[in-house]
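Summary of the model geometry
Here is what each chain is made of, one letter per residue.
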Amino acid sequence: MKKFAIALVLCLIVTAGVFAQDSFTVDLSKLGELKNSEPINTPYGMFVINFPEGTFPANLPWAQYNRIRVIFKYFRANGAEVRQGNENAFVVLVYDPNGDVAGPPQGPGPNTPVKIFNVGGSNNRSGAISSPAGAGITPLTQAPGAILLQRQGPDSPVRFIELVELTFFKQ
């Protein structure tokens, strides 16, 4: 009887954990190309990944997700990996991929609710977008339709950017 009670408690804990889902990590296998195939040679060149239908559950409570973690890998034109750091790349989440995907120069816009510079920078300090806790964002009003990966400036050695992780957190 004691073993049954322990098993029941463990089952309840696992079940509660599944329904409490404090984070949602995008299944990247649904996205197709995760890395640009041609080098980005302009200072603020970009690569857009559209989110196909079914990328996000229909009932995901976007208004409750107020943190995001994005992890990129960066590569030079010759394919050598670029070390994580400031001024490599930035990320933009886009509601409508057929609209303004870049948004305003220095922050979010109506179609670009998340725009964060220095992905992988600041030594992954707490609060950095690529840190384990991610970065704070204003909660989204709907599922994003695309993510834009953008080279950050004329001095960046980055020519290829690969999306490695995209996770949303409730806190």
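Before reading further, recall that the structure is shown in the block above.
Keep in mind the model is a prediction, meaning the values are calculated, not measured.

1. So, unusual backbone geometry
- Although it is not a glycine, Glu-87 sits at a positive phi angle of roughly 60°.
- The backbone of Asn-118 sits at a positive phi, close to 60°, despite the residue not being glycine.
- With respect to the helices and strands, Asn-118 occurs in the loop between strand E6 (114-116) and strand E7 (135-136).

2. Regarding the sheet that holds E6
- Sheet architecture is open: 4 strands sit in the order E2-E8-E5-E6, paired in antiparallel fashion. Both outer strands of the open sheet, strand E2 (46-50) and E6, are each paired with one neighbouring strand and no more. On average, each strand axis in the sheet is inclined to that of its neighbour by 15°, with strand direction left out of account.

3. Looking at the nonpolar core
- By size, the foremost hydrophobic cluster in this structure holds 36 residues, and its most contacted members are Ile-68, Phe-72, Ile-147, Leu-163 and Phe-168.
- In terms of residue count, strand E3 (residues 65-75) provides more of this core than any other element does, 5 residues in total.
- The residues touching Phe-168, leaving out its near neighbours within four places in the chain, are Asp-22, Ser-23, Phe-24, Val-26, Phe-56, Trp-62, Tyr-65, Arg-67, Ile-68, Leu-93, Leu-140 and Pro-144.
- Counting 6 residues, the second-largest nonpolar core is a separate cluster that includes Phe-90, Val-94, Val-101 and Leu-148.

4. Quick notes on the pairing of E3
- Taken across its 11 residues, E3 has 8 buried, putting it largely inside the fold.
- Two strands pair when backbone bridges link them, and E3 and strand E9 (residues 160-170) are joined in this way by 10 bridges, in the antiparallel orientation. Across the sheet, residue Arg-69 finds its bridge partner in E9, namely Thr-167.
- In this structure, E3 lies alongside E7, joined through 2 bridges in antiparallel fashion. Note on E7: the bridge partner recorded for Arg-67 is Gly-136.
- As paired elements, E3 and strand E4 (residues 81-82) share 2 bridges and run antiparallel to each other.

Thresholds applied
Residues numbered from 1 in each chain as written. Predicted model: local features only at pLDDT ≥ 70, side-chain atom pairs only at ≥ 80, totals over all residues. Heavy atoms only, no water. Helix = DSSP H or I, 4+ residues; strand = E, 2+ residues; numbered from the N terminus. Pairing = 2+ DSSP bridges. Axes fitted to C-alpha atoms, helices over the stretch in contact; angles between N-to-C directions. Core = buried A, V, L, I, M, F, W, Y, C linked by side-chain atoms within 4.5 Å. Buried < 20%, exposed > 50% of the residue type's maximum accessible area, 1.4 Å probe, protein only. Contact = heavy atoms within 4.5 Å.

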